[in-house]
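The primary structure of each chain is shown beneath.
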Amino acid sequence: MYTSFLYQHAPVLVQNIMLSVRALIRKLIREKHGNAKLLQQITAHSYNEQAINSFAAEQLQHTLANAAEKVPFYQKLNINMELGITDFPFIDKAMLKAQKEQFFSHDSNGVIVKGETSGTTGQALSIPQNLNSVLREQAFVSRYLTWAGFKKGDKRAWLRGDMVVPVATKSAPFWRYSYFENMILLSSFHLTVQSMPLYLHAMHEFGVDIIQAYPSSIVALAKYLQSTDAYYPGELKSIVTSSESLSKEHKALIEERFKCVVFDWYGLFERVAAIGSCEHGRYHIFTDYAYVELLPAGNMIDGRERAEIVGTNFNNSLYPLIRYKTGDYVVISHETSCPCGSSFPIVEQIEGRIGDYLIGEDGQKIAILNHISKGVKGVLACQFYQQQKEKIEIRVVVEPNVFDEQQKAILIHNTHERVGYSIEVQVNEVPQLEQTKAGKIRQAICTYKEHK
Ligand SMILES: [Zn+2]
């Protein structure tokens with residue numbers, strides 16, 4: 001909706017109404033189909049290890065049986081259901097891309113919601129979900145918000161990748177309101193040094209209780225507060241971050257400048273793992289959300305034991321993924337209990353995606369780059385280079401039969417939408433992208449520095 005001509009050309013008030021109505025419709029659908037029972041159940045067992053384990057065992061059994069019975073990839077394996085999950089093979093993104101239809105359940109009636117993920121390498125991947133899957137996801141998100149102190153009626157700020165304000169808009173307000181959700185939605189695409197005080201003021205004036213943000217956006221505001229030796233003027237219950245990796249240093253900086261605890265959530269569109277930090281800063285693996293295995297990575301970094309997150313989703317019977325290797329890593333913890341009292345196991349830290357960024361035409365940092373290649377066909381991997389402000393080079397690894405001039409034009413258009421039209425965007429096809437020491441591919445390499 002945000003990129004539609006109608007929305008982009010509507011007055012601010014009409015935009016507020018449009019997005020409020022859309023949010024209301026979604027809320028009504030959620031309420032009609034209901035996830036209240038699941039929410040009640042998963043909330044009740046959070047502090048009871050035995051109850052969690054028996055819930056998870058049941059979910060796992062159901063997931064494996066469903067896959068073996070209805071999903072071609074697993075049917076072909078002829079797995080004896082007397083055996084356990086370790087008899088299933090590991091799968092990864094490359095396998096999904098190559099055989100995506102094979103993971104589709106035969107039992108695919110009803111609404112199918114398609115979403116795309118891309119991750120660090122920029123390889124877009126489409127994961128279909130059914131309505132039940134979306135509703136179940138909501139229940140787990142709702143429980144996490146409750147952990148973060150959210151109560152019905154609380155006011156929230158939403159500072160994430162939604163293009164609520166058209167990129168062509170050059171003057172405030174860079175936020176819109178969702179009336180029925182008590183929410184102010186702020187554009188992370190317009191967050192410049194000049195606009196930062198306005199963002200802080202808008203949230204404070206609205207009386208926000210909880211901020212939900214991309215790490216890169218809220219870190220930028222925390223750094224701004226630090227540079228001006230200031231603190232957020234309002235009183236917050238908490239800040240909830242997700243979708244990008246958040247370092248311990250940045251988490252501490254946000255907590256200091258906003259005077260509240262940061263709850264950091266790790267999840268992915270494949271829905272094979274969810275990990276969230278609690279009020280004591282420990283990361284807990286939500287073992288009732290998915291079956292997570294921690295596969296030893298073999299190599300240690302700075303003397304720390306690392307493991308790859310391998311997950312099995314409980315909440316998407318339409319497209320079940322079993323033992324999916326995420327390519328994301330955790331640092332193992334030796335703690336067995338947390339002062340918060342939760343029974344979910346602990347990991348020391350998540351080493352997820354690397355938070356790289358570009359500089360937009362107004363000097364704003366743009367970190368939500370994985371969205372740019374969404375919807376562009378034939379791009380296997382992409383990486384952005386910016387050595388000077390006026391020019392961005394996109395290096396792409398492409399499928400030559402699919403990636404044509406039209407797709408190239410879409411890629412350039414998507415980039416312009418986010419960084420601004422005055423920046424020259426050039427696409428170069430390369431055989432391979434540059435990798436980091438840990439074998440990761442950075443989303444962007446920006447050597448141009450506008451502000452420190
Ligand atoms: Zn805890």
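The structure this text deals with has already been given above.
How each quantity is defined
Residues numbered from 1 in each chain as written. Predicted model: local features only at pLDDT ≥ 70, side-chain atom pairs only at ≥ 80, totals over all residues. Heavy atoms only, no water. Axes fitted to C-alpha atoms, helices over the stretch in contact; angles between N-to-C directions. Helix = DSSP H or I, 4+ residues; strand = E, 2+ residues; numbered from the N terminus. Parallel < 35°, antiparallel > 145°, perpendicular 65-115°, else oblique. Left-handed = near helix turned anticlockwise from the far one by under 90°. Contact = heavy atoms within 4.5 Å. Nonpolar A, V, L, I, M, F, W, Y, C, P; charged D, E, K, R; others polar. Patch = residues over 30% accessible without salt bridge, like charges linked within 9 Å, V, L, I, M, F, W, Y side chains within 5 Å. Areas by Shrake-Rupley, 256 points an atom, 1.4 Å probe, with all protein chains shown as cover. Salt bridge = Lys/Arg side-chain N within 4 Å of Asp/Glu carboxyl O. Phe/Tyr/Trp six-rings, centres within 6.5 Å; stacked < 30°, edge-to-face > 60°. Buried < 20%, exposed > 50% of the residue type's maximum accessible area, 1.4 Å probe, protein only. Lys NZ or Arg CZ within 6 Å of the ring centre and 35° of its normal.

Q: When you look at the packing of helix α3 (residues 36-44) against helix α7 (residues 131-147) in this model, what are you seeing that I'm missing?
A: Geometrically, a packed helix pair is captured by the angle between its two axes and the distance between the axes. Remark: α3 packs on α7, axes separated minimally by 9 Å, with the N-to-C direction vectors making an angle of 45 degrees. Judged by the inter-axis angle, α3 sits oblique to α7. Two packed elements cross with a definite hand, and for α3 against α7 that hand is right-handed. Of α7, the residues touching α3 (which contributes Leu38, Leu39, Ile42 and Thr43) are Arg136, Ala139, Phe140, Ser142 and Arg143. Here the contact of α3 with α7 is composed, by residue class, of 5 nonpolar, 2 polar and 2 charged.

Q: Explain a nonpolar patch on the surface here, please?
A: On the surface, Leu13, Ile17, Val21, Ile25, Ile29, Tyr179 and Phe180 cluster together into a nonpolar patch covering about 640 Å² of accessible area. Here isoleucine 29 is to be found in helix α2 (residues 12-33).

Q: Got a minute to help me understand the packing of helix α9 (residues 215-227) against helix α10 (residues 248-258) in this structure?
A: Where α9 meets α10, the closest approach of the two axes is 9 Å, and the angle between their N-to-C directions is 60 degrees. Relative to α10, α9 is oriented oblique. For α9 against α10, the interelement crossing comes out left-handed. Across the interface between the two elements, Ile218, Val219, Leu221, Ala222, Lys223, Leu225 and Gln226 from α9 touch His250, Leu253, Ile254, Arg257 and Phe258 from α10. Each residue belonging to the contact of α9 with α10 can be placed in one class, and the counts come to 8 nonpolar, 2 polar and 2 charged.

Q: In this structure, what is going on with the packing of aromatic side chains? I would like to understand it.
A: Both the distance between ring centres and the angle between the ring planes are used here to describe each pair of aromatic rings. Here the structure, examined in full by the defined rule, presents 20 aromatic pairs. With centroids separated by 6.3 Å and ring planes inclined at 50 degrees, the aromatic side chains of phenylalanine 103 and tyrosine 319 adopt a geometry described as tilted. Placement of the pair is phenylalanine 103 in the loop between α6 (93-98) and β2 (112-117) and tyrosine 319 in the loop between β13 (306-313) and β14 (324-332), with a sequence separation of 216 residues. Residues phenylalanine 103 and tyrosine 319 agree in their burial class; the two are buried. Ring geometry for tryptophan 175 against tyrosine 199: centres 5.8 Å apart, planes inclined by 75 degrees, an arrangement best described as edge-to-face. Of this pair, tryptophan 175 sits in strand β5 (residues 175-178) while tyrosine 199 sits in helix α8 (residues 196-206), placing them 24 residues apart in sequence. In this pair, the class of tryptophan 175 matches that of tyrosine 199, namely buried. We note arginine 156 situated over the ring of phenylalanine 150; from NZ or CZ to the ring centre the distance is 5.0 Å. The positively charged end of arginine 306 is found above the aromatic ring belonging to tyrosine 329, 4.6 Å away from the centroid.

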